[in-house]
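Chain residues, written in single-letter form:
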Amino acid sequence: MKQKTGLLSYGIYVPRRRLQRSSIYDSNKWFAPGLRGLAKGEKAITGWDEDPITMAVEAGRHCIQGIDRSIVHSLSLASTTLPFADRSNSGVVKEAMNLNDELSVSDRSGSLRCGTTALMDALQKEQTQLCLAADRRKARAASIQEMNYGDASTAFLVGSDSDGDVIANYLGGHSTSIDFVDHFRSSDVDFDYAWEPRFLRDEGYLKILGSTITGALSKLDIDASDIAHAVIATPARGVPQKLAALSGIATEAVADTLIANIGDTGASHPLLMLATTLQNAQPGEKILLASFGQGADVMVFETTQHLSKLNQQQANLATVAIKDDNYPRYLFHRGLIDIEKGMRAELDEKQPGTSLARDRKTVLGLIGGKCSETGEVQYPKTELVFNGESRTAGTQEDYPFADRSAKVLSFTADSLTYSPDPPSYYGMIDFVGGGRMVVEFADIENDEVDVGSDMRMVFRIKSFDELRGFRKYFWKATPVNTKTTSTAQETS
Amino acid sequence: MAKGIKDKVAILGMGCAKFGERWDCDADQLMLEAFEEAIADAGIEVPQLDAAWLGVGFDAQNVGPSGIPAAIALRLPDIGVTKVENYCASGTESLRGAVYAVASGAADIALAIGVEKLKDTGYGGLPTRTRGTRWDMIGVTGSAPGNFAQLASAYRSKHGVDKDELKRAMAHVSVKSHDNGSKNPKAHLRNVIDIDKALNAPMIAEPLGLYDCCGVSDGAACAIVTTPEIAKSLGKTDIVAIKAMQIVSSSGWELQGNEWDGSYFHTTRIAAKKAYEEAGVTKPSEQISLTEVHDCFSITELVTMEDLFISEEGQAWNDVLNGKFDADGQVPCQIDGGLKCFGHPIGASGLRMVYENYLQLLGRAGERQRKEPPSLCLSHNLGGMPSQNVSSISIIGPLA
């Protein structure tokens, strides 16, 4: 008999910086005074060194903390803003997460509901799959999209009782596919082109998504009044409530759309809303998930008694949000304004494919070495152990550093070297358990680092090779936030 | 330990170009400027040179590959010219090549010359460069001040020195060097600064402000070396001899183990011990008369005083503030103005330091001349970054 399939875990990554919408409006009101109505709240934005790959890694790590990685059989990454057209984006995530080489990976794209479609596919399989979704969309300055779009990533580990504790059983789903073009973005352009929101609301959300929700409830023979949480990922004010009412779901069941403090996070958004809803759900509750994009996906889950334990564990890793009103910096980091970067930015960042192939695990997986003769650990791995105590070559076994905590030994804030977000913080860190490295620091705000500060490693973009359209990834150290908040309630 | 180099090689002549923003000069002209002074000082003809070493740090803005550019610029006919690069110890490395050639008997008279055209970069500071394919994937592309600034955070944390107090000691280092540089016609920066100017300068890499950083300039310097016997036969009387030359390279211990604490230079400490043994120095703070150390940044000079065992560990900041290293102090440091005022044309720096020590030993340092005659003079270079570097120490003094 087939075992029960459902969600084993979730992971969330919402970047620390929250761009204040008022700062967008203040700079653009001379041109677009109509944005005033949207100039409330804030949206989560990534730094210059993040993209859907790095964001997915962070959500993925959050998701599988404490879980034996060998149970993961496949991995999917859903996004409408994948950085590579021909290099497996999910494959990079797999390397950064140090997952087994014998793993099936897939990139999912093409629609804002690619995240839920990938999740639904995984729920219908019998193997354990890590489903990741992340988006980092560009929007033109002074556009409605710029006000609305936020950055985030979400991860779900899908599997059965045999792999771990299922926190929410999958009761079933229903999809429709209709080529409804309320907005689009061609492969070769950066920006969406969108029709007026009223058209999307009336003809898209209310009709297509509405009928898919009722279709799902009817197909699964679930009474709408039994839905405790309706996760309706339609980032338009009042629409989730209207859809709930149309299908007979109580309006109190409608989940927060997270627009006020995070923004519309694209392909990740339905999953982000589902994850934050799980954070606040009780065992034995039915959750409906509905997402839209040239048709719709609707799924229904029922939480189990294992949810609370996972919620406690996952809450401990949430980051603390920081208010950000530096709108010009945001524009620069999105490539929307051209700043004079100076000659120091001219360094050729060409990455030889050969050396990346040789050092794949060292670079992407932050794998160092442990000498089988002396027990010394070090980064990076070398043929001879660093202190020369053994003259035998090749004694070092793989030793992963990415999930080890570290302390700052020395550091600086460098205003001379080129950084898209000056000053560039970097320094030497000592890992707990041995090993050290000189490394860049990420997400430092207000001098919050000093000798002795606790750090954790994060996977980031190291540099861009603008000549050849490549981007290099590596690990950086970031301060461990001691304060914890639930991501959904972050208001900075 | 090996027998060492002490008193086996004499300096026959030295030369140093005017350092600065030499917009008018190519590397060829800078080399010739230093070389002509040295060859006149040595009192020999060019064909008497048996071999030459050329030290340069950066290729892109400089002479290009090989020793050929020096052979052409100086018209050194039919001898071998070897180009050496060893980060900021490149100048000293070229001298080591020449000294070892003479000591071995392979050459009677050898030339060491170093040059750098940093002002062809187009911006202040050192050019950004790669460190090899593997490092470029995992290393930090920081600036030189950023790399050395980390010393300050580790030093104050280890020794419990107040941040402002350490900054004041660092400022004193720079004020002192500007005082000295103002008296040196060959220095690039000849302005006097006060402590407030140093303390309030724009931040370059926390906690290093503008005046904590050495200048950036073009320059060249050279030395002609021979055996003491040949020097005497050429009529030299006050012969300056090489007492010690040591170079130590990091082998990864600092960067990959967990023992090093980031507050000092492991390589310098080892090189100092070896150099003192080679030169017969047992009490450095009493026997070393002058030091020219690698003051790429004020904090580097400060911690180097401890690494050379001239200050007690954790006390250099106090010694600095008490004037121990001022021109009229117990052991003057950078009596010529140092990298601070000469700037740091990589290939030239090590030789420029030896040049000052040589002038001081011969009483030819003009307005800067130390009144009490120096006995042993030390010069020191550091290349790379605190966690992975090459350190060189040279000691010269009157031939025994």
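Just so it is clear, the model here is predicted, and its values are computed rather than measured.

*Asks:* Would you mind going over a nonpolar patch on the surface with me for this structure?
*Replies:* A contiguous nonpolar surface patch, about 490 Å² in accessible area, is contributed by A:V181, A:F184, A:Y193, A:W195 and A:F199. Of the residues examined, A:F199 reaches a relative accessible area of 31% and is grouped as partly exposed.

*Asks:* What is the right way to look at the confidence of the model for chain B in this model?
*Replies:* Detailed reading of the predicted coordinates is not advisable wherever pLDDT falls low. When the pLDDT values of chain B are averaged, the result is 96; 100% of them are 70 or greater. Of the two predicted TM-score estimates for the complex, the pTM is 0.95 and the ipTM is 0.95.

*Asks:* Looking at this model, I keep getting lost on the sheet that holds strand β7 (residues 152-160) of chain A. Mind explaining?
*Replies:* Two pairing modes exist for strands in a sheet, parallel and antiparallel, and in both the strands are linked by backbone hydrogen bonds. All names here are of chain A. Strand order in the open sheet made by the 9 strands is β5-β4-β6-β7-β1-β8-β13-β12-β11, with mixed pairing throughout. Two strands lie at the open edges of the sheet, namely β5 (104-108) and β11 (227-232), each paired on one side alone. The average angle at which neighbouring strand axes cross in this sheet is 25°, direction not considered. In terms of strand pairing, strand β4 (residues 74-78) meets strand β6 (residues 129-135) through 5 bridges, oriented parallel. Paired with S74 across the strands is Q129, a residue of β6.

*Asks:* For this particular structure, what's the right way to read the packing of helix α6 (residues 197-220) of chain A against helix α7 (residues 239-247) of chain A?
*Replies:* Think of two packed helices as two axes; the pair is described by the angle between the axes and how far apart they sit. All names here are of chain A. Remark: α6 packs on α7, axes separated minimally by 9 Å, with the N-to-C direction vectors making an angle of 45°. By the angle class used here, α6 and α7 are oblique. Crossing geometry of α6 relative to α7 is assigned as right-handed. For the pair formed by α6 and α7, the contact residues are R201, Y205, L206, L209, G210, I213, T214 and L217 on the first element and V239, K242, L243, L246 and S247 on the second. The class makeup of the residues in the contact of α6 with α7 is 8 nonpolar, 3 polar and 2 charged.

*Asks:* Is there a simple way to explain the interface of chain B and chain A in this structure?
*Replies:* Accessible area lost when the parts come together is the quantity often used to give the size of an interface. The interface is formed by 44 residues belonging to chain B together with 42 residues belonging to chain A. Each partner contributes to the roughly 3,500 Å² buried at the junction of chain B and chain A, and carbon and sulfur atoms together form 54% of this total. In this structure, B:R156 and A:D450 form a salt bridge, with 3.9 Å as the shortest nitrogen-oxygen distance. Between the two partners, chain B and chain A, sit 24 residue pairs in polar contact (both at pLDDT 80 or more).

*Asks:* Even after reading the chapter, I still don't get the pattern of salt bridges, so can you show me in this structure?
*Replies:* One side chain can pair with another of opposite charge once the charged atoms of both are near each other. As enumerated under the stated definition, the model contains 60 salt bridges over all chains in all. For B:E356, the salt bridge identified is with B:R368, shortest N-O distance 2.7 Å. A residue pair is termed long-range when its members are at least 10 positions apart, and B:E356 in helix α15 (residues 346-361) and B:R368 in the loop between α15 and β10 (376-385) qualify at 12 residues. B:R368 carries the same exposure label as B:E356, and that label is buried. One network of salt bridges, in which partners are shared, links A:D49, A:E50, A:E440, A:D443, A:R460 and A:K476.

*Asks:* I tried to follow the side chain of A:E440 on my own but got confused; where do I start?
*Replies:* Within the secondary structure, A:E440 is located in strand β20 (residues 436-440). Not counting the four nearest positions on each side in its chain, A:E440 is found in contact with A:Y425, A:Y426, A:K462, A:K476, A:A477 and B:V140.

*Asks:* Help me understand helix α9 (residues 307-315) of chain A in this model?
*Replies:* Each α-helix turn comprises 3.6 residues. Residues three or four places apart therefore point the same way. Residue and element names in this part refer to chain A. All of the buried residues in α9 are L307, L310, N311 and Q314. Down the axis, α9 shows its buried residues gathered within 105° of arc, on one side only. For α9, the exposed residues set more than 90 degrees away from the buried face come down to K309 and Q312. Buried residues belonging to α9 abut β1 (5-13), α2 (52-64), α8 (269-279) and β13 (295-303).

*Asks:* So what exactly am I meant to see when it comes to unusual backbone geometry here?
*Replies:* Generally, phi is negative for residues other than glycine and the peptide bonds are trans, each holding for most cases. In this model, A:Y379 is joined to A:P380 through a cis peptide bond whose omega is -10°. Tracing the backbone through its elements, the reader meets A:P380 in the loop between β16 (377-378) and β17 (396-400). With omega at -5°, the peptide bond leading from A:P422 into A:P423 counts as cis. The residue A:D443 is not glycine, and still its phi comes out positive at about 55°. Mapped onto the fold, A:D443 is located in the loop between β20 and β21 (454-465). Unlike most non-glycine residues, B:D78 shows phi in positive territory, near 60°. As for its placement among the helices and strands, B:D78 is situated in the loop between α2 (68-74) and β3 (80-84).

Rules of the game
Residues numbered from 1 in each chain as written. Chains lettered and ligands numbered in written order. Predicted model: local features only at pLDDT ≥ 70, side-chain atom pairs only at ≥ 80, totals over all residues. Heavy atoms only, no water. Patch = residues over 30% accessible without salt bridge, like charges linked within 9 Å, V, L, I, M, F, W, Y side chains within 5 Å. Areas by Shrake-Rupley, 256 points an atom, 1.4 Å probe, with all protein chains shown as cover. Salt bridge = Lys/Arg side-chain N within 4 Å of Asp/Glu carboxyl O. Buried < 20%, exposed > 50% of the residue type's maximum accessible area, 1.4 Å probe, protein only. pLDDT = per-residue confidence, 0-100. Pairing = 2+ DSSP bridges. Helix = DSSP H or I, 4+ residues; strand = E, 2+ residues; numbered from the N terminus. Axes fitted to C-alpha atoms, helices over the stretch in contact; angles between N-to-C directions. Parallel < 35°, antiparallel > 145°, perpendicular 65-115°, else oblique. Left-handed = near helix turned anticlockwise from the far one by under 90°. Contact = heavy atoms within 4.5 Å. Nonpolar A, V, L, I, M, F, W, Y, C, P; charged D, E, K, R; others polar. Buried area = accessible area lost by both parts, 1.4 Å probe. Polar contact = N/O pair within 3.5 Å; in protein donor to acceptor, adjacent residues only side chain to side chain. Arc of directions from axis to C-beta.

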